[in-house]
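Letter by letter, the chains look like this.
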Amino acid sequence: MPIERPSDASLVIGVAASTAERVHLARLLGGADALLLVSNADQARAFLELTGVTVAPTAAVDVPAVPTVAAAAERRMQAVREPEPVAELRLDVDRRVVRWKDREMPLTRLEHDFLHCLVAEPGRVWTYQRLHHAVWGNEHLGHGSHIHSVVKRLRQKLANLGATVTIHAVRGVGFHLLPTT
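This one's a predicted model, so the numbers in the text were calculated from it and none came from an experiment. (Residues numbered from 1 in each chain as written. Predicted model: local features only at pLDDT ≥ 70, side-chain atom pairs only at ≥ 80, totals over all residues. Heavy atoms only, no water.)

1. With respect to the pattern of salt bridges
For clarity, the threshold we go by: For salt bridges, the criterion is a side-chain nitrogen of Lys or Arg within 4 Å of an Asp or Glu carboxyl oxygen. Under the scheme used here, helices are H or I runs from DSSP no shorter than 4 residues and strands are E runs no shorter than 2 residues, and both carry numbers assigned from the N terminus. Throughout, exposure labels follow a simple rule: accessible area from a 1.4 Å probe, protein chains only, divided by the maximum for the residue type, with under 20% read as buried, over 50% as exposed, and the rest as partly exposed.
Summed over the entire model, instances satisfying the criterion amount to 7 salt bridges. One salt bridge in this structure joins Asp113 and Arg109, with 2.8 Å as the shortest N-O distance. In this pair, Asp113 and Arg109 are both assigned in helix α4 (residues 109-120), 4 residues apart and thus about one turn of the helix distant. A relative accessible area of 3% places Asp113 in the buried class. Overall, the relative accessible area of 35% leaves Arg109 in the partly exposed class. For Lys157, the salt bridge is made with Glu111, and the minimal N-O distance between the two is 2.7 Å. Residue Lys157 is found in helix α6 (residues 145-161), and its partner Glu111 is found in helix α4; the two are separated by 46 residues along the sequence. Within the structure, one salt-bridge network assembled from shared partners comprises Asp92, Arg95, Arg99 and Glu104.

Here is the structure:
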C-alpha cells in the first residue's frame, strides 16, 4: 500500500542526544505538521528508509534550516508571559546550572532534566509518568522514591539560591513550579 503524502504537509526531524534536549525541541517545533524526534542520525535515516525515502549513508541534515525554525518557535514561546517570579528563574542548559538573579547552582543531569520540564511550562502540572518519561526515558515508575529524591534535592538547591519559587506537589498527580507562598 503506497504512503499518501499531502503536498502541503511537512515533516520536521529533530536530532538530539538527551531526553531533555528532545523535550525542548518538541516544545520549540510543536507547530510542525509532523514531528519526529530521534537521538541520532541513524535513527532518522532508518525511519526515512521505512517510509520509502532513500537516504545516502553520507546524507547530512540541513543544519541552517533548523535554527531558523527553532528561533521562530522560541520567540512565540517567549511572547507568552510567565508568572512572576517564576520568570526570574533561569536554567543554563549548556552548563547545567540553575540561576536565580545573580546566583547560580550546579545541577546533576537528573536535576537538570527534571527542572527543565518544569521551567519550560511554569505552573503546568507534570504527571509522574510524563516526568519519568522525559527525565529517565522510560515508562517505569516503580515506587517513585527516585522522583521524590530529585525533587528534594532541587527544592534544597532552590532554597539555597534564595529563589522565591519551589516545586509543589499535586498529591497523586505530579509536580509543578510555582512561587513560594
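2. Quick word on the sheet that holds strand β4 (residues 97-100)
Adjacent strands of a sheet pair through backbone hydrogen bonds, lying either parallel or antiparallel. The following threshold applies: The pairing criterion is simple: DSSP has to find at least two bridges between the two strands. The axes are straight lines fitted to the C-alpha atoms, using for helices just the contacting stretch, and the angles between their N-to-C directions are given from 0 to 180°. Contacts are assigned to residue pairs with any non-hydrogen atoms lying within 4.5 Å of each other.
Ordered by their spatial adjacency, 3 strands build an open sheet running β3-β4-β5, and the pairing between neighbours is antiparallel. Each end of this open sheet is capped by a strand with a single partner; those strands are β3 (89-92) and β5 (103-106). The sheet shows a mean angle of 25 degrees between the axes of neighbouring strands, direction not considered. The pairing of β3 with β4 spans 4 bridges and is antiparallel. Directly across from Asp92, in β4, lies its bridge partner Val97. The sheet contacts of α4 involve β3, β4 and β5, and relative to β3 the element is tilted by about 135 degrees.

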